[in-house]
Amino acid sequence: MVDLTLEIRKTAKELLEKGEAKVVLGWEKGNFPYSTTPVFIDKPEDTERLIWDEYCINNLALYMLDYKHLDGKVGIFVKGCDSRGINRLVQDKQLDREKVILIGLSCPGMKDEKKAKELGPNADIPMAQKCQDCRYPDPVVYDVFLGEKQNKKVPEKIDTSDVEEMETKSPDEKYRFFTTNYEKCLRCYACRNVCPACNCKECIFDQTATGWLAKANNVSNNMFFALTRAMHVGGRCIECGECERVCSVNIPIMLLNKKIIKDINFLFGDYDAGLETEERLPLGGYDYTDPEEFM
Amino acid sequence: MSVNEVQQNKEVEQNWEPKILVFACTWCTYAGADLTGLSRLQYPPNIRILKVPCSGRVNPQFVIKAFQKGVDGVLVAGCHPGDCHYTSGNYFTRRRFLLMRRLMEYIGMEPQRFQNRWISAAEAPKFQQVITEMTEEIRTLGPNRKLRDDQW
Amino acid sequence: MLVVLKAKLKDILNTLAEEYKVLVPAKIEDTSKFISYKDNVDIILDENVKLSPKDVFFPQTEKMYKMKTVKTSMELENITDEAGKKLLFGVRSCDMKSLDCFDQVFLTKGYIDEFYKNKRDSVVTIALSCSQPMQTCFCSAMGVDSQKAVGADVQAYDLGDKIGLEAISDEGSKVIELIKGQLTEEGAEVPQPGEFYLKVDADGVSEKLNGMFESPIWDDVSKKCLNCGACTYVCPTCHCFDISQEVRGENVTKYRCWDSCMFGEYTQMAGGHNPRPTKKERVRNRFMHKLNYFPDRYNMLLCTGCGRCINVCPVNLDITSVIKQIKEAE
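Keep in mind that what you see is a predicted model, and the values were worked out from it rather than measured.

Rules used in this analysis
Residues numbered from 1 in each chain as written. Chains lettered and ligands numbered in written order. Predicted model: local features only at pLDDT ≥ 70, side-chain atom pairs only at ≥ 80, totals over all residues. Heavy atoms only, no water. Helix = DSSP H or I, 4+ residues; strand = E, 2+ residues; numbered from the N terminus. Buried < 20%, exposed > 50% of the residue type's maximum accessible area, 1.4 Å probe, protein only. Contact = heavy atoms within 4.5 Å. Areas by Shrake-Rupley, 256 points an atom, 1.4 Å probe, with all protein chains shown as cover. Rg over C-alpha atoms; globule rule 2.2 N^0.38 Å. Lys, Arg positive; Asp, Glu negative; His and termini not counted. Charge placed at Lys NZ, Arg CZ, Asp CG, Glu CD. Pairing = 2+ DSSP bridges. Axes fitted to C-alpha atoms, helices over the stretch in contact; angles between N-to-C directions. Disulfide = S-S within 2.5 Å. Domains from an automatic or database assignment. Buried area = accessible area lost by both parts, 1.4 Å probe. Salt bridge = Lys/Arg side-chain N within 4 Å of Asp/Glu carboxyl O. Nonpolar A, V, L, I, M, F, W, Y, C, P; charged D, E, K, R; others polar. Expected span 1.5 Å × (residues − 1). Arc of directions from axis to C-beta.

Trainee: Lay out the overall build of chain C in plain terms, naming residues and giving numbers.
Mentor: A tally of regular secondary structure across chain C gives 11 helices and 13 strands. Counting only C-alpha atoms, chain C reaches 65 × 65 × 40 Å along its principal axes. Sorting the 330 residues of chain C into buried and exposed places 55% on the buried side. Long-range pairs, those at least 24 residues apart, make up 71% of the contacts in chain C with a sequence separation of at least 6. Element-wise, carbon and sulfur atoms account for 49% of the exposed surface of chain C, whose accessible area totals about 15100 Å².

Structure representation (structure tokens):
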């Protein structure tokens, strides 16, 4: 990864020096061995700050929303999940594909920052959950590619064993499971703000005056938030797992998202969001032959 | 004791009656409900009908909000596939609620509490039958506490 | 010093639970916070809780009073807190310091917030010293002594397999009196704090910020912020709230709940204007409030170095780096 870091810096430097990109988005080292933080480079000399290591976990795609109106192009380093995030934004008409230069990186799977904090410096740090579940470590779209593709053998279908296990429980058991989890939800909205599919200009949850969702924190309101969001990103969730990663109280948010993905695959045919940008979204269209259960 | 039973005991004593919210599409189901009345077909008085321009107008959060505010069941009803006044609204409804029904069941809501039906303007007997059945199903389940806001 | 074996801690808590409603730091549902003591709770003593004890004094959602219209008049009804004294065991120095900050906000300058005061007065605190700071800790840089908390009723010391107890206030003496039979007198010394991983020098930051409202560093600092409220909600000192109401027919319940300066709605005015339209203004406000406005008004920093915001930030926006950047700025 050290070699790649040098290549990353070189590529970013060239883009900036030639004026092809106004700004380059990547990662820099944080204050801890296990932390990195997004960095926005606009001067060639600052490219030395860029790094590529096993903790570059942030999905940078959503930052493109901040550069919608930039006069010029943005260079951005993308792993598999980031590239699907870019496709998400392009398909949602939030981003002009022409305005980004995607520099692809093959992701070996990032390490779990939370575990690294707990286990200490000498421990063997496991891979982050979102990376364990990853099926597209190589970017699905890019303009330049650095390093080598892994062409790793990945499972064809999303692993929904945890969802299936939940489904076998009784209604009360399920309800109790979700409510004990969402009872602790702080409604800090980190999950929403980090999500590339949550790209609405105005979010229903930011408009308490409309009366849909009050600011009061209780389990009923928190479930309202969770279910509405899950439905809203239904068919658009790119399974990057960022929501679950950033949750400050460790709610298994992907259990909801994966349930919807599983059902979409079952009901309307297999669909992986964020692989391309032209096809109709599962909930943005219909088929005359869709299952009929409402007779 | 199940989540619902706790409250149930209290409410059963107070002659609890199921409260069901029906989102009815104005072109088919609402007209069907009208015909049910005109035809003197009796159905339980446990429903409140909310007229919507199209079943496709119903958002997931309409349903959740209804449960929050204390209804015991929600029915979303619209035109049969192919009959939509707006050509395709109900096809979107179908996809949306095929998913949402499964999601609601997944988080522990009894499937009888959230239902979807196609009821045309001519199907007064069907409207009568659906409402009667749903009311009975929910009466068996008892009052709903799930997703409900404590204050309601 | 009076000491007790950690293994026998529960005996002491059981005794105290007869007199007080005891709250202890415990692991619960994949996170940790202060919860009511029961025999089977998983008490944690080796690290601080992930969620600060601020909600004991300032709950996330706090009902204030009820209103009811009766014909042409309106009736008001107070909501009273549950009676009885609470005992908060195992509060770290950083979180005790945050109570000091809260006291300034809610109890000084000629206005007393009764909701806060009622809760504050009903709580007795046993502070616990830290033997080894966590990696994200930097309390010493914020002027907090990890071995001796401000405002505690009893100071407890982590002595390895034992806990030493020392009454500080009269309330504290009463607590010690209750459990005296279960303690033994031993010659133990106040332990030395462990080494801090994060090196922070906050000297002069407050003064320097006076001229930095328009500084370009805020553009830089705020770029990666997602404007979620994670940092403010886990922060033991953040105390902004919003007042709203639940209305049902003729019954109204007024409540207040945490709000966050990271949210757009926070400064949204009637009519639509927002004086803090982008993340730059919001992030600037957060740090200015913590490091400049609050010291200006109350002569103390609004950061206790607990490191929780560093822990939860989705993008690792680190307050210690911001302090460094401020100090290095021209």
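Picking up where we left off.
Trainee: I'd love a proper account of the overall build of chain A, names of residues and values included.
Mentor: When you go through chain A residue by residue, the secondary structure sums to 10 helices and six strands. Taken over the C-alpha trace, chain A has a radius of gyration of 20 Å; the compact-globule value for 295 residues is 19 Å, and the two agree within 12%. A buried classification covers 58% of the 295 residues belonging to chain A. A sequence separation of at least 24 residues applies to 70% of the contacts in chain A between residues at least 6 apart. Split by element, the accessible area of chain A, about 12400 Å² in all, is 51% carbon and sulfur. Between the centroid of the 41 positive side chains of chain A and the centroid of its 50 negative side chains there is a distance of 3 Å.

Trainee: Break down the pairing of strand β4 (residues 114–118) of chain B for me, with residues and values.
Mentor: Residue and element names in this part refer to chain B. By the criterion of burial, β4 is predominantly enclosed, with five of the five residues buried. Side-chain alternation along β4 places Phe 114, Asn 116 and Trp 118 on one buried face and Gln 115 and Arg 117 on a second face that is also buried. In terms of strand pairing, strand β3 (residues 73–78) meets β4 through five bridges, oriented parallel. Residue pairing for β4: Val 76 is matched across the bridge by Asn 116.

Trainee: Can you break down unusual backbone geometry residue by residue, with the values?
Mentor: If a residue is not glycine, its phi is most likely negative; likewise, a peptide bond is most likely trans. In this structure, Glu 239 of chain A takes a positive phi of about 55° despite not being glycine. Mapped onto the elements of the fold, Glu 239 of chain A is located in the loop between α8 (219–232) and α9 (242–246). The exposure class assigned to Glu 239 of chain A is buried, which follows from its relative accessible area of 14%. The phi dihedral of Arg 40 of chain B falls on the positive side, at around 55°, and the residue is not glycine. With respect to the element layout, Arg 40 of chain B can be found in the loop between α2 (29–38) and β2 (47–52).

Trainee: Requested: an account of the sheet that holds β2 of chain B, with residues and values cited.
Mentor: Residues and elements named next belong to chain B. The four strands lie next to each other as β2-β1-β3-β4, forming an open sheet whose pairing is parallel. Taken across any chain shown, the strands that pair with only one partner, and hence form the sheet edges, are β2 and β4. Strand-to-strand twist across the sheet, computed as the mean angle between neighbouring axes with direction ignored, equals 20°. Judged from the six bridges that link them, strand β1 (residues 20–25) and β2 form a sheet pairing that is parallel.

Trainee: Break down the state of the cysteines for me, with residues and values.
Mentor: Residues and elements named next belong to chain B. Tallying each qualifying case throughout the model produces one disulfide over all chains. Each sulfur of the disulfide joining Cys 28 and Cys 79 lies 2.4 Å from the other. Measuring the twist about the S-S bond at about 100°, one finds the Cys 28-Cys 79 disulfide to be right-handed. Of this pair, Cys 28 sits in the loop between β1 and α2 while Cys 79 sits in the loop between β3 and α4 (89–106), and the two are 51 residues apart along the sequence. In this structure Cys 28 comes out as buried when scored by relative accessible area, which is 8%.

Trainee: Give me the domain arrangement of chain A: which residues, what numbers.
Mentor: Accessible area lost upon the coming together of the parts serves often as the stated size of an interface. Residues and elements named next belong to chain A. Under the domain assignment used here, chain A contains domain 1 (2–146) and domain 2 (161–284). When the buried area of domain 1 at its contact with domain 2 is split by residue, Arg 84, Arg 88 and Gln 91 rank highest and sum to 31% of it. In this structure, the connection of domain 1 to domain 2 is made through six salt bridges. In this structure, Asp 92 and Arg 236 form a salt bridge, with 2.6 Å as the shortest nitrogen-oxygen distance. Of all the secondary structure elements, the ones that give two or more residues to the side of domain 1 that touches domain 2 are α2 (80–91), α3 (113–119) and α4 (129–132). Considering each element in turn, the side of domain 1 that touches domain 2 owes the most residues, eight residues, to α2. Taken together, the residues of the side of domain 1 that touches domain 2 sort by class into eight nonpolar, seven polar and eight charged.

Trainee: Could you give me a rundown of the sheet that holds strand β5 (residues 61–70) of chain C, with the residues and numbers involved?
Mentor: All names here are of chain C. An order of β6-β5-β13-β12 is seen for the four strands of this open sheet, with the pairing classed as antiparallel. The outermost strands of the open sheet, each flanked by one partner alone, are β6 (73–78) and β12 (241–248). With strand direction ignored, the average angle separating the axes of adjacent strands in the sheet is 25°. The pairing of β12 with strand β13 (residues 251–258) spans eight bridges and is classified as antiparallel. Residue pairing in the sheet places Asp 242 in a bridge with Cys 257 of β13.

Trainee: Quick one: what's the story with helix α1 (residues 2–17) of chain A, residue by residue and with numbers?
Mentor: All names here are of chain A. Here α1 spans 23 Å end to end across 16 residues, near enough to the 22 Å set by a 1.5 Å rise per residue. Buried within α1 are the following residues: Leu 4, Thr 5, Ile 8, Arg 9, Thr 11, Ala 12, Leu 15 and Leu 16. Projection of α1 onto a plane perpendicular to its axis shows the buried side chains occupying an angular sector of 165°, all on one side. Across α1 from its buried face, at more than 90 degrees, point the exposed residues Val 2, Asp 3, Leu 6, Lys 10 and Glu 17. At its buried positions, α1 is contacted by β1 (23–29), β2 (36–41), β3 (50–51), β4 (74–78), β5 (100–105) and β6 (144–146). The first or second residue beyond α1 is Gly 19, which carries a positive phi of 75°.

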